[in-house]
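# Chains, contacts and geometry: an overview
One-letter residues, chain by chain:
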Amino acid sequence: MELFSEENFLGYVHEINPQYAGIYFPSSKLISKKRGDKNGVNVGDFIVIESKERGFLARLIETNLCDGSNKTIKSEHDDLQLLGKAELLLVFDITDPDKAHKTVFAYPAVGAKVYFCRDEQIEKYIKKFGAKDKEGDIYASLGKLVSGNAVCNVSLNALFQRHCAVVGTTGGGKSWTVSKLMESVISKTKNRIILFDATGEYGAIKSTTVVLGEDSYFPYQKLSISDLFILLRPGGESQKSVLLEAVRSLKIMRLSGKTGTFKKAYQQRKEYNAVYEEHVTEIEDNTCNFDVNYLVPQIKEECVSYFPEGWGAADTKLYDKQASLVNRIVNLINTDVFNKLFGFKTTAQNRVSVIDAIENFTADNVEKILRISLENVSSLFCAKEITANAIGSYLLNKARNKCFKGSPVLLVVDEAHQFMNKNVTDERFENQPLDAFDLIAKECRKYGLFLCLATQMPRDIPEGTLSQIGSFIVHRLINERDKKVIENAASSAGKNMLSFLPALGEGEALFIGVDFPMPLLLKLDKPDNPPVYNTPLLSANK
Ligand SMILES: Nc1ncnc2c1ncn2[C@@H]1O[C@H](COP(=O)(O)OP(=O)(O)OP(=O)(O)O)[C@@H](O)[C@H]1O
Ligand SMILES: [Mg+2]
């Protein structure tokens, strides 16, 4: 059998324990010859072990000089006897070496022969990862193994079907990887992508683009009441209840086909009650579907005395308590950036609602990527998180209504730490967390909305979301807490591989996934259109 041919022979298994197989290499020169180079055996190399009816694929994790061999090394070209440790990765039947079992359930025997594993063989195994053995298997060539030249054709379904996270410290290559992944998806599949571009760096990719706060806005009417509360931060019970009442009154005005404020002082409740009862679901639908321009005068209308049958005189004390809330509303709707972002005033005709952009994108089948750029969205008032979360909620509802079931959509969120796990809480009022992405991760796999998150800080991904992520692409990672997160999330990963993480170069990454029986260390190919993020440079004094 070619896999176990004498020309690939390297040595013997001399020790077996649950953590590794110990290998005896009688001659380092022999190893160099097999590798076709001068470097001898290398940590990270793949080997195969032939043991009775089973074969094993393993990776060398350590090499040492053999005890008793000549301890004085004169040059790296000396012929040395070596001992190595290898991590067992896959088990296969000797009769069918191309087909690996999903788990390592057996061990080789001491004395079993060890051979060099050629790149072609590794390529075959990698292609089997996540294979459904159906015609639907789609593979993308993403790069080469760091240890050698094996080309990695990775199953796109294995990568995305259970959501995917791209993580690593700044400059590790996350955004380039995201570009490479998107290019693979659009060239190999019929599926489409919605991209949240936090910094505007994906401008070179062919897409339909909307720039929030510039040529596009998020209609405030589609914000939830809790989003409005985060923006306005009503303080104390009094501001909160007055704000909620004002919202109800303005919704009643809209539903009665009227504009302006709802007059309350010295009025009976009859008319109000009739409209409220007729439209209760729309009034309590948790959206901001009312005319925000009348919110300040309406708050004044709400500050009156209450009776079961109607309202009485103005309550100036109550109105005084609303001063800070009124101030915040005035500031919010009159600030140009927020007006442009949420369309509070009449919106200019050439600006498109991001909701319409999503609807048009999903309805017509022209462009493959919708890029929603948040580069101009201010972080003040948590506007960035709120907007991203609100768009996420909209997509979540679309998914729940089975809009993506026929043809799954990939939702790509770069710089996800800017949007996720944001605790915009205030103990003075009950607050809904910004949890749209969390819910998408938990629910939307079955609805055909797949998440691909990229972040510098895996520890910022909420735990509930992390546990839903099936595959990780891990670039250089130094922070211990972040490494721990990956270690916990990917328990099946060969723990030894995680020790490579702090030393990875640009574009090198570890692929770990539920459908990957072993982690893969890859150097990713360059994307055709890499993201461009121009960090300003310091300039020298002349
Ligand atoms: N696959 C690759 N091949 C070659 N060079 C790469 C590759 N990936 C990344 N690089 C290099 O690394 C640099 C940083 O990559 P990238 O912008 O993707 O990092 P990042 O992890 O997204 O960083 P940040 O967290 O700051 O956004 C790139 O400008 C490029 O020079
Ligand atoms: Mg980046």
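Scroll up to find the structure this text is about.
Residues numbered from 1 in each chain as written. Chains lettered and ligands numbered in written order. Predicted model: local features only at pLDDT ≥ 70, side-chain atom pairs only at ≥ 80, totals over all residues.

### Considerations on the packing of helix H14 (residues 383-400) against helix H15 (residues 436-443)
- In the contact formed by H14 and H15, the axes pass within 8 Å of each other and the chain directions differ by 30 degrees. As judged from the angle between their axes, H14 and H15 are roughly parallel. Like other packed secondary-structure pairs, H14 and H15 cross with a definite hand, here left-handed. Each of Asn389, Gly392, Ser393, Leu395 and Leu396 in H14 lies in contact with H15, whose residues at this interface are Ala436, Phe437, Leu439 and Ile440.
- For the contact of H14 with H15, a count of residues per class yields six nonpolar, three polar and no charged. (Axes fitted to C-alpha atoms, helices over the stretch in contact; angles between N-to-C directions. Helix = DSSP H or I, 4+ residues; strand = E, 2+ residues; numbered from the N terminus. Parallel < 35°, antiparallel > 145°, perpendicular 65-115°, else oblique. Left-handed = near helix turned anticlockwise from the far one by under 90°. Contact = placed C-beta atoms within 7 Å. Nonpolar A, V, L, I, M, F, W, Y, C, P; charged D, E, K, R; others polar.)

### Some details on the packing of helix H6 (residues 236-255) against helix H9 (residues 295-302)
- Two numbers describe how H6 lies on H9: the axes approach to 9 Å, and their chain directions differ by 110 degrees. Taken as axis vectors, H6 and H9 run roughly perpendicular relative to one another. Read as a crossing pair, H6 and H9 show a hand that is right-handed. Counted together, Val242, Glu245, Ala246, Ser249 and Leu250 of H6 and Leu295, Gln298, Ile299, Glu301 and Glu302 of H9 form the full contact between these two elements.

### Observations concerning the pairing of strand E17 (residues 409-413)
- The element E17 is largely enclosed, with a buried count of five among its five residues.
- Residues Val409, Leu411 and Val413 line one face of E17 and the alternating positions Leu410 and Val412 line the opposite face, and both faces are buried. (Buried ≥ 20, exposed ≤ 12 C-beta atoms within 10 Å, placed from the backbone.)

### Side note on the site of ligand 1
- Residues in contact with ligand 1 amount to 15 residues; listed here are only the nearest, Gly173, Lys174, Ser175, Trp176 and Gly507.
- For the shell around ligand 1, the leading source of residues is helix H4 (residues 174-188), giving three residues.
- For the shell around ligand 1, the per-class residue count stands at three nonpolar, nine polar and three charged. (Near = placed C-beta within 6 Å.)

### Considerations on the sheet that holds strand E6 (residues 113-116)
- Taking strand neighbours around the barrel as the criterion, the six strands line up as E1-E2-E5-E4-E3-E6 in a closed arrangement whose pairing is antiparallel. Adjacent strand axes in the sheet meet at a mean angle of 40 degrees, parallel and antiparallel pairs treated alike.
- Pairing analysis gives six bridges linking strand E3 (residues 46-51) to strand E4 (residues 54-65), with the strands arranged antiparallel. Bridge pairing links Ile47 to Ala58 in E4. (Pairing = 2+ DSSP bridges.)

### Some thoughts on the environment of Ile122
- For Ile122, the position within the fold is in helix H2 (residues 119-128).
- Spatially, the C-alpha atom of Ile122 lies 8.7 Å from that of Val151, the residues being 29 residues apart in sequence.
- When neighbours within four sequence positions are excluded, Ile122 is seen to be in contact with Phe46, Cys117, Leu145 and Ala150.

### Description of unusual backbone geometry
- The backbone phi angle of Lys52 is positive, close to 45 degrees, even though this residue is not glycine.
- Inspection of the secondary structure puts Lys52 in the loop between E3 and E4.
- Judged by local crowding, Lys52 falls into the exposed class, with 10 C-beta atoms found within 10 Å.
- You will see that Asn286, though not glycine, has its phi angle at about 65 degrees, which is positive.
- Mapped onto the secondary structure, Asn286 falls in the loop between helix H8 (280-283) and H9.

### Let's talk about the nonpolar core
- One finds Ile47, Ile372, Leu411, Val412, Ile440 and Val474 to be the most contacted residues of the largest nonpolar core, which totals 147 residues.
- With eight residues, H14 is the largest single contributor of residues to this core.
- For Ile47, the contacting residues outside a window of four places in its chain are Leu10, Ala58, Leu60, Ala86, Val114, Tyr115, Phe116 and Cys117. (Core = buried A, V, L, I, M, F, W, Y, C linked by C-beta atoms within 7 Å.)

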